Amino acid sequence: MLELAKSGELTFHKLEDASEVNKFRILGMEDGRFSGGGFEFFRGLGIIGYEKTFKIWLRKFPRPIFIVAVRASDIVSWVFLEEWEDSANDGMAIWVLRAIETLPSMRKKKIGYKMLMLSTQQCVGYLVTKPLTPEASKFFRDAGFMEPAEFKKAPFDLSRHPGYLILPPYKKAMLMEKFGEHFK
């Protein structure tokens with residue numbers, strides 16, 4: 001486990017092994033079942049539970065990027081990225097931000113934005129994501145993500161992946177210029 005940053009009462013960790021999930025409490029889970037008051041994203045997807053899913057992700061190869069925001073010993077936000085099989089036309093890697101979630105009670109505190117910044121810091125190349133809600137689309141667009149049609153020439157083919165947004169390296173650099181404003 002690697003401590004990436006601190007911001008107020010939050011510490012941001014990059015988890016590198018499935019066993020590290022056990023060091024934290026996942027709110028809203030009781031005996032592997034949803035108990036309310038915690039994370040909700042998986043409920044709508046029919047996924048078995050956060051702890052098991054996080055551990056499965058951390059056992060993948062090549063190793064994904066999995067970052068958690070922790071208050072005391074509670075996970076209050078998380079983000080999951082993995083490297084895409086293809087590379088961009090310029091040879092750079094493409095990373096997919098698969099999911100980002102913050103506890104409902106902690107939203108509107110820019111934690112998701114901080115998680116996005118840490119994500120961009122951890123991956124080289126392009127970052128893509130597929131927002132599932134209009135709010136998510138606005139969040140990513142405000143952070144600098146672009147529609148493929150906004151490029152003179154798209155950096156890679158997304159025709160088989162409709163709805164994805166792209167954060168090119170130069171927009172990642174612009175986002176990282178604000179890093180000091182959000183972290184100690």
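Residues numbered from 1 in each chain as written. Predicted model: local features only at pLDDT ≥ 70, side-chain atom pairs only at ≥ 80, totals over all residues. Heavy atoms only, no water.

**Q** Any chance you could explain the environment of Phe66 here in plain terms?
**A** Structurally, Phe66 can be placed in strand E6 (residues 65-71). For Phe66 and Phe80, which are 14 residues apart along the polypeptide, the C-alpha to C-alpha distance reads 4.7 Å. Sequence-distant contacts of Phe66, defined by excluding residues within four places in its chain, comprise His13, Lys14, Leu15, Phe54, Trp57, Leu58, Trp78, Val79 and Phe80. (Helix = DSSP H or I, 4+ residues; strand = E, 2+ residues; numbered from the N terminus. Contact = heavy atoms within 4.5 Å.)

**Q** Looking at this model, I keep getting lost on the packing of aromatic side chains. Mind explaining?
**A** In the structure shown here, the tally under the stated rule is 16 aromatic pairs. Pairing Tyr126 with Phe156 gives two aromatic rings, centres 5.4 Å apart and planes at 80 degrees, and the pair type is edge-to-face. Taken together, the positions of Tyr126 in strand E9 (residues 126-129) and Phe156 in the loop between helix H3 (134-142) and strand E10 (165-167) put the pair 30 residues apart, joining distant regions of the chain. The buried category is assigned to Tyr126, whose relative accessible area is 8%. Assessed through its relative accessible area of 7%, Phe156 is described here as buried. Across from the ring centre of Tyr113, 5.8 Å away, lies the NZ or CZ of Lys110, which sits over that ring. (Phe/Tyr/Trp six-rings, centres within 6.5 Å; stacked < 30°, edge-to-face > 60°. Buried < 20%, exposed > 50% of the residue type's maximum accessible area, 1.4 Å probe, protein only. Lys NZ or Arg CZ within 6 Å of the ring centre and 35° of its normal.)

**Q** Hey, could you run me through the nonpolar core in this one?
**A** Inside soluble globular proteins, nonpolar side chains tend to come together where they are buried. Of all hydrophobic cores here, the largest spans 49 residues; its most connected members are Phe66, Trp78 and Leu127. Counting residues in each nonpolar core, the second largest holds twelve residues, with Trp84, Tyr126, Phe151 and Tyr164 among its members. (Core = buried A, V, L, I, M, F, W, Y, C linked by side-chain atoms within 4.5 Å.)

**Q** How should I be thinking about the pattern of salt bridges in this particular structure?
**A** Opposite charge on two side chains allows them to pair when their charged atoms are near. In total, this model carries seven salt bridges according to the counting rule given. A salt bridge links Asp74 to Arg25, with the shortest nitrogen-to-oxygen separation between them at 2.8 Å. Of this pair, Asp74 sits in strand E7 (residues 74-87) while Arg25 sits in strand E3 (residues 25-26), and the two are 49 residues apart along the sequence. The class for Asp74 is buried, based on a relative accessible area of 11%. The closest approach of N and O atoms between Glu51 and Lys55, which form a salt bridge, is 3.0 Å. (Salt bridge = Lys/Arg side-chain N within 4 Å of Asp/Glu carboxyl O.)

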